[in-house]
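Here is how the chains run, residue by residue.
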There are 2 protein chains.
Amino acid sequence: MLGLDPGSRTTGFGVLDVTSRGATCVDYGTIRPPLASPLPDRLEFLARGLGELIEHFRPAALVIENAFLGPNVRTLAVIGQVRGALIATGRLAGLEVHEYAPREIKLSVVGTGSASKQQIQYMVRTSLSLPVLPSPFDASDGLAVALCYAHRRRGGVAALLAR
Amino acid sequence: MLGLDPGSRTTGFGVLDVTSRGATCVDYGTIRPPLASPLPDRLEFLARGLGELIEHFRPAALVIENAFLGPNVRTLAVIGQVRGALIATGRLAGLEVHEYAPREIKLSVVGTGSASKQQIQYMVRTSLSLPVLPSPFDASDGLAVALCYAHRRRGGVAALLAR
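A brief look at the structure comes next. These numbers come from a predicted model, not from an experiment.

### Side note on the overall build of chain A
Right, on to step 1. On a plain count of helices and strands, chain A comes out with six helices and five strands.
Right, on to step 2. Order of helices (α) and strands (β) in chain A, N terminus to C terminus: β-β-β-α-β-α-β-α-α-α-α.
Right, on to step 3. Expected size for 163 residues packed as a compact globule is a radius of gyration near 15 Å; at 15 Å, chain A falls within 12% of this value.
Right, on to step 4. Taking the principal axes of the C-alpha coordinates as reference, chain A spans close to 45 × 35 × 30 Å.
Right, on to step 5. A burial count over chain A gives 53% of its 163 residues as buried.
Right, on to step 6. Considering only residue pairs separated by 6 or more positions, chain A has 59% of its internal contacts joining residues 24 or more positions apart.
Right, on to step 7. Accessible area for chain A stands at about 7600 Å²; split by element, carbon and sulfur atoms hold 52% of it.
Right, on to step 8. Each charge sign in chain A was given a centre, from 17 positive and 13 negative side chains, and these centres are 6 Å apart.

### Comments concerning the relation of the copies chain A and chain B
Right, on to step 1. Overlay of chain A on chain B (RMSD 0.0 Å): rotation 180 degrees, translation along the axis 0.0 Å. A rotation of that kind, with that shift, is consistent with a two-fold axis.
Right, on to step 2. Looking at the interface residues of chain A, 100% of them are also at the interface in chain B, so both copies use one shared face.

### Focus: the interface of chain A and chain B
Right, on to step 1. Listed by partner, the interface residues are 23 residues for chain A and 23 residues for chain B.
Right, on to step 2. Counting each side, the surface lost to burial between chain A and chain B is near 2100 Å², with a carbon and sulfur contribution of 67%.
Right, on to step 3. In this assembly, chain A and chain B are joined by four salt bridges.
Right, on to step 4. Between Asp41(B) and Arg91(A) there is a salt bridge, and its shortest N-O distance comes to 3.1 Å.
Right, on to step 5. At the junction of chain A with chain B, the criterion picks out eight residue pairs in polar contact (both at pLDDT 80 or more).
Right, on to step 6. Taken together, the elements giving at least two residues each to the side of chain A that touches chain B come down to α1 (39-57), α2 (73-92) and β5 (96-100) of chain A.
Right, on to step 7. It is α2(A) that provides the largest number of residues to the side of chain A that touches chain B, a total of 13 residues.
Right, on to step 8. The class makeup of the residues in the side of chain A that touches chain B is 13 nonpolar, three polar and seven charged.

### Quick look at helix α4 (residues 117-127) of chain B
Right, on to step 1. For α4(B), the set of buried residues is Ile120(B), Gln121(B) and Val124(B). Across the axial projection of α4(B), the buried residues extend over an arc of 100 degrees, all falling on one side.

### With respect to helix α5 (residues 137-154) of chain A
Right, on to step 1. With 18 residues, α5(A) should reach 26 Å at 1.5 Å per residue; the first-to-last C-alpha distance of 25 Å fits that figure.
Right, on to step 2. Counting buried positions along α5(A) gives 13 out of 18 residues, so the element sits mostly inside the fold.

### What about the pairing of strand β3 (residues 22-31) of chain B?
Right, on to step 1. As paired elements, strand β2 (residues 11-19) of chain B and β3(B) share nine bridges and run antiparallel to each other. The residue bridging Thr19(B) from the neighbouring strand is Gly22(B), located in β3(B).

### Focus: the nonpolar core
Right, on to step 1. By size, the foremost hydrophobic cluster in this structure holds 43 residues, and its most contacted members are Leu2(A) and Leu2(B).
Right, on to step 2. If near-sequence neighbours (up to four positions away) are discounted, Leu2(A) is found in contact with Phe13(A), Gly14(A), Val15(A), Leu50(A), Leu53(A), Ile54(A), Pro59(A), Ala61(A), Leu62(A) and Val63(A).

### Describing the side chain of Thr11(A)
Residue and element names in this part refer to chain A.
Right, on to step 1. Within the fold, Thr11 resides in strand β2 (residues 11-19).
Right, on to step 2. Taking relative accessible area as the criterion, Thr11 reaches 0% and is therefore assigned buried.
Right, on to step 3. Among the polar contacts listed, one links the side chain of Thr11 to the backbone oxygen of Gly7, at a separation of 2.8 Å.

### Points about the layout of surface pockets
Residues and elements named next belong to chain B.
Right, on to step 1. Empty space within the largest pocket amounts to approximately 750 Å³.
Right, on to step 2. Along its surface, the largest pocket is lined by 30 residues, and Asp5, Pro6, Glu65, Ala67 and Ile79 are the ones closest to its centre.
Right, on to step 3. Breaking the lining of the largest pocket down by element, the ones donating at least two residues are α2 (73-92), α3 (102-109), α4 and α5 (137-154).
Right, on to step 4. Here the lining of the largest pocket is built from residues that sort into 14 nonpolar, seven polar and nine charged.

### Quick notes on the sheet that holds strand β4 (residues 61-65) of chain B
Residues and elements named next belong to chain B.
Right, on to step 1. Sheet architecture is open: five strands sit in the order β3-β2-β1-β4-β5, paired in mixed fashion. Each edge of the open sheet is held by one strand with a lone partner, namely β3 and β5 (96-100). Across this sheet, the average inter-strand angle for adjacent strands is 20 degrees, counted without regard to direction.
Right, on to step 2. As paired strands, β4 and β5 are joined by five bridges and run parallel to one another. Bridging from a neighbouring strand, Ala61 pairs with Glu96 of β5.

### As for the environment of Leu46(B)
Residue and element names in this part refer to chain B.
Right, on to step 1. Looking at the element boundaries, Leu46 is found in helix α1 (residues 39-57).
Right, on to step 2. Once the C-alpha coordinates of Leu46 and Ser135 are considered, the two residues, 89 residues apart in sequence, prove to be 19 Å apart.
Right, on to step 3. Those residues within four positions of Leu46 in sequence are excluded, and the remaining contacts are Gly7, Ser8, Thr11, Ile31, Pro33, Val82 and Leu86.

Thresholds applied
Residues numbered from 1 in each chain as written. Chains lettered and ligands numbered in written order. Predicted model: local features only at pLDDT ≥ 70, side-chain atom pairs only at ≥ 80, totals over all residues. Heavy atoms only, no water. Helix = DSSP H or I, 4+ residues; strand = E, 2+ residues; numbered from the N terminus. Rg over C-alpha atoms; globule rule 2.2 N^0.38 Å. Buried < 20%, exposed > 50% of the residue type's maximum accessible area, 1.4 Å probe, protein only. Contact = heavy atoms within 4.5 Å. Areas by Shrake-Rupley, 256 points an atom, 1.4 Å probe, with all protein chains shown as cover. Lys, Arg positive; Asp, Glu negative; His and termini not counted. Charge placed at Lys NZ, Arg CZ, Asp CG, Glu CD. Least-squares fit on C-alpha atoms with pLDDT ≥ 70 in both. Buried area = accessible area lost by both parts, 1.4 Å probe. Salt bridge = Lys/Arg side-chain N within 4 Å of Asp/Glu carboxyl O. Polar contact = N/O pair within 3.5 Å; in protein donor to acceptor, adjacent residues only side chain to side chain. Nonpolar A, V, L, I, M, F, W, Y, C, P; charged D, E, K, R; others polar. Arc of directions from axis to C-beta. Expected span 1.5 Å × (residues − 1). Pairing = 2+ DSSP bridges. Core = buried A, V, L, I, M, F, W, Y, C linked by side-chain atoms within 4.5 Å. 1 Å grid on protein atoms, 1.4 Å probe; cavity = no way out; pocket = protein on both sides within 12 Å on 5 of 7 lines; lining within 4 Å. Points joined across faces, edges and corners; volume = space filled by probe spheres on them. Axes fitted to C-alpha atoms, helices over the stretch in contact; angles between N-to-C directions.

Shown next, in the form of structure tokens:
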């Protein structure tokens, strides 16, 4: 499964192999369009980059952070476009798409909805028994998104929240 | 050239043939995803629909209404995703992408930035010498977006505004 932390400058991704025994990290990293390029070009770059990741890793599902809040409407409009380009690419490649709010992801991975990026990074490393802290933060967030879905699927956190 | 009025329920389109002598209407209509389907499915439907239009009409450019304002942030986030899916589809098909704000489009087509949908429809019909009013409004808006670009390219309105 492929987790995405969408951003027009940097989209982080994390690839997990999830079985009944747990989640294993396959790869993580970032897709970074040329900084100076206009938004349509960056959307194209991100869609192509995601297409290559799908081709390479053949995930069954795409898990993506959603966002209905942002520092301002322009940021929100840009991030919406990035999400739309990525989700359409995933769907066109035949993948299921699952979405989680930032708070849900933090709650699932760290145990608190207001976790810092450092805390997420630390817990992602621990949960996946990684030899080093996954970086940059965008990549660690991509893994966290995928991990949130893995937790939910295994029912662990869902059961915990239902208590 | 293909003009788009993006919407998650209905995306209007208008196809114009633009030469030095002016713009001619080739076709117009709407892409309408099944109403009850979740947003990722609608994004896929819209991307596929646009892909088919591009395949059929082979436009050189995609012109799309942008929006950094909306009735609420959720609507803005949804419309952002629709725009992202459409823009990425256009870019991946090798098309130029041009964007105009709603106000610019109304100003260019009707002469006032606060024109109603009826006024746009009327002026689109007149400008393109259509036998009937183009409907629904989404399709008429798609034509208006394309017309705005045609006006700008011909420099008519740009010259007018520069006076």
